[in-house]
Every structure is written in structure tokens, then in C-alpha cells.
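Take a look at the letters that make up each chain.
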Amino acid sequence: MIDSGGRSLHAWVRVDAGDKREWELRRDQVYDYLEDQAPCESNKNPSRFSRLPGIMRDGQEQKLVALNIGLATWQEWIDWRDQSELVEPTTPQELLDYNVEADPNNVLGSRWLCRGGSLVIVGQSGVGKSSFAMQFGLTLSLGRPFFGIQPIRPLRVAFIQAENDTGDMAEALRGVVRGMGLQQSDMAQLDTNVRFYDETVKTGSEFIRLARSVIVKHKADLLIADPLLSYAGDDISDQAFMSRWLRNELNPVLQETGVVWVWLHHMPKPPKGEQAKATVSDLAYAGAGSADLTNWAREVAVLQRQGDDPVFTWTLTKRGARAGLRDHDGQPASKITLQHSTSGICWQYAGKPVYKVNRANPRDAVSLLV
């Protein structure tokens, strides 16, 4: 390793190549490994001379810094490189000792969704997914159960959405506030814990970077992105794209920040007669696009209209037993029946009034009719 007169460091790297093709492949591996250090592209030329120690350059001596550093052979370096990327392994005893009953990574339910988890809420067009997500996020930001699903504490929630204008968002917020009967003290907590962001331009990798900035700035526990189709920026039926985007680009953000990520996603038009035959396992794949979206998600929850009546089922298709979801009668369930509230843009159990609302002033306290 040579100091080139105070300007940079030059290094001779032994790659043990048998021919020019192998040399080029191994050179590229070295440059890929040093990518974050921005090595000089000019030195990719095999005929390029390196700096010599002891020679003066613009009045500065080029000095030898070190000899024979690193590993002795190319294969030893490859083994070291690959092993250095491994995370510390977990032993069987450590798993046995882990306290799953008081898991510090738990966020919702009984380890239904933990830090770095993912939820896809799939629904037909026009059923009210955005208002459903609004109620989901606001309820959890107050530390209250959402139809039985209990957060560990009041969560910090960020929304990023592309389909609703300010008026739509205001109506949805007011409907949920009214339907839930929130008081002034609740509104203060919402103002602390909830943020809404509009984004209609960025897609793909750019959107992931934007979302990370939102998560870090707001210290979000939960991020709700509405809808997935607006932010993918490529063919969501392409499994290679979806796998790369979700697993190689989004997952590192989830692991770094610990946020629980929620996608709102559309359901394609089903073949005639097929929807009624679908099992819970089939519903997990109800969203449009590649099956890898379902395989990637920790949970897929399907919001589905029943016939022509304004009655809907919300089905947890993968980990429902852990969620804590409760049905109309307060019993544990993985599927519940809901309807739009008669008092505004809000969701409630079907056939059962939940709140008594002061229509003159919807921000007043109200009584629960359970």
C-alpha cells in the first residue's frame, strides 16, 4: 500500500488470476466490495502502472505504507468476505431462553406483528380501504384495540398516500373522529402521534428512500402506504421485480428502523363464480400481481364486500390466531363482519351500533353501547 504524495492511497491486490477473463471477474469483485469507498475507476485497466514509493510527486514523496497485509490467497479472502457478511448466529439454547410471552419486539396482538413486520390489506375497489386504514392507524395511535387487536402502547403512525385529495382526507378523518367519539384530549394525542404525507411522483427505489426518511423523521412505529400500485413503479406481476423491490430494498429499511409496514392494495376482478369458492388460504393471494407479495408479507388481511348489501368481511389469512381480533359478540376470531357507520365515514360491527354520537358536536365525549 502506497501513499501517492498525500493525494490518495494506492494498493497492489493479488488476485491469483489464471487468465485475463478471470482477472477481470476478480477485479470487479474487489471493486464491488470497495464500492462505498469509491475506488479510482482508472485503475481497472490491467496495464495501469501503480505509484512507486520513494519517488517525488509535485514536491511530495510517495511513501510505502505497508507490505504483505490482508490474506495470503484469493480464496482465503473470498471466504473472509462472505463470512464477514453473516450476522451472528443464534444457538438452540438462546431460542429456548427467549421470552416469547414478553417479546420486546412485539407491536400488535400476541406477536401478530412485531418490529420490522409487514401487513397487506387487500380490498375491492370502492369498499373504503382508505377510511379503513385511517381508522386502523388512528385507533392504534391512541393505544386502543382495533376490533380487539391491541397495540403494546400508543403507536406513532405515518400515512403516505397518493389517491385522496385534502378534502377526502379531511372527511375520512372527521368521520373516524366522530364515529369513535374522540374527546379533545384524544385529539391532542393524535396531533402528536400521527402524520399524513402526500406523494404522487416517486416510485420504486425512490419511494423506498422517501418512506425511510418519513419513518426516521417521525420515529414511526407504523407506516401505512396507500396504495401499493401507485408506488411500485414497475410490473407488480413480475416476480423478479417484486422480490427485489420488497426483499432487497424494502426489507433493509424495516430491519433498520423496526417499523411495521402496511400496504393498501387492490383486488383484481375475480373469474366469475370463483370468489365464492375461495378458502382462507386462497384469499391470502387475493391481491393483484405476483404471489411473492403474499409470500413476503407477514400478514394479508382481506376486506371484501358480501353481495349487494353494504356488509363486509375482514379476514386475516395467515396469522389470525395471534391478532386478538374479536367478533360481534366479543369472541376470538380470524374473520369479522363489518359495515359502514351510519354516523359518518367510519367502520363498525355489522348489525350492532357501537357509538352514541352527539351530532351537534361530534368532538364531545360519547358513550359506548356494548
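A brief report on the enclosed structure follows. Computed from a prediction, not measured in an experiment: that's the story for all the values here.

Approximately 1700 Å³ is the volume found for the largest pocket. If you go around the largest pocket, you meet 38 residues; those closest to its centre are His10, Ala11, Trp12, Val13 and Arg14. Mapped by element, the contributors of at least two residues to the lining of the largest pocket are β2 (9-10), α1 (20-33) and α2 (74-84). Of the residues forming the lining of the largest pocket, the biggest block, five residues, is contributed by α1. Here the lining of the largest pocket is built from residues that sort into 26 nonpolar, nine polar and three charged.

Okay, the sheet that holds strand β12 (residues 260-266) next. Reading across the sheet, the nine strands line up as β10-β9-β11-β12-β8-β13-β14-β15-β16 and stay open at both edges, with mixed pairing between neighbours. With partners counted over all chains shown, the strands left at the sheet margins are β10 (194-198) and β16 (347-349), one partner each. Across the sheet, the axes of successive neighbouring strands diverge by a mean angle of 25°, strand direction being ignored. Across the face of the sheet, helix α6 (residues 184-193) comes into contact with β9 (157-161) and β10 while running at roughly 50° to β10. Sitting on the sheet, helix α7 (residues 204-218) touches β9, β10, β11 (222-226) and β12, and the angle it makes with β9 is about 155°.

Time to look at α1. Residues separated by three or four positions in an α-helix point in the same direction, a consequence of the helix having 3.6 residues per turn. Relative to the 20 Å expected for 14 residues at 1.5 Å per residue, α1 spans 20 Å between its end C-alpha atoms, a close match to the ideal helical length. Of the positions making up α1, those classed as buried are Arg26, Arg27, Val30 and Tyr31. Seen along its axis, α1 keeps its buried residues to an arc of 145°; they face one direction. Of the exposed residues in α1, those oriented more than 90 degrees away from the buried face are Arg21 and Asp32. Packed against the buried residues of α1 are α2.

All right, on to the packing of aromatic side chains then. One pair of aromatic rings is described through two measures. These are the centre distance and the angle between the planes. One pass over the structure, following the stated rule, counts 18 aromatic pairs. Relative to Trp263, the ring of Trp245 lies with its centre 5.4 Å away and its plane at 35°, an arrangement referred to as tilted. One end of the pair, Trp245, is in helix α9 (residues 239-257); the other, Trp263, is in strand β12, and 18 residues separate them in sequence. Taken individually, Trp245 and Trp263 each receive the classification buried, so the pair is uniform in this respect. Here a set of aromatic residues connected by ring pairs shows up, and it is made of Phe132, Phe136, Phe146, Phe147, Phe312, Trp314, Trp347 and Tyr349.

What counts, and at which threshold
- Residues numbered from 1 in each chain as written.
- Predicted model: local features only at pLDDT ≥ 70, side-chain atom pairs only at ≥ 80, totals over all residues.
- Heavy atoms only, no water.
- 1 Å grid on protein atoms, 1.4 Å probe; cavity = no way out; pocket = protein on both sides within 12 Å on 5 of 7 lines; lining within 4 Å.
- Points joined across faces, edges and corners; volume = space filled by probe spheres on them.
- Helix = DSSP H or I, 4+ residues; strand = E, 2+ residues; numbered from the N terminus.
- Nonpolar A, V, L, I, M, F, W, Y, C, P; charged D, E, K, R; others polar.
- Pairing = 2+ DSSP bridges.
- Axes fitted to C-alpha atoms, helices over the stretch in contact; angles between N-to-C directions.
- Contact = heavy atoms within 4.5 Å.
- Expected span 1.5 Å × (residues − 1).
- Buried < 20%, exposed > 50% of the residue type's maximum accessible area, 1.4 Å probe, protein only.
- Arc of directions from axis to C-beta.
- Phe/Tyr/Trp six-rings, centres within 6.5 Å; stacked < 30°, edge-to-face > 60°.

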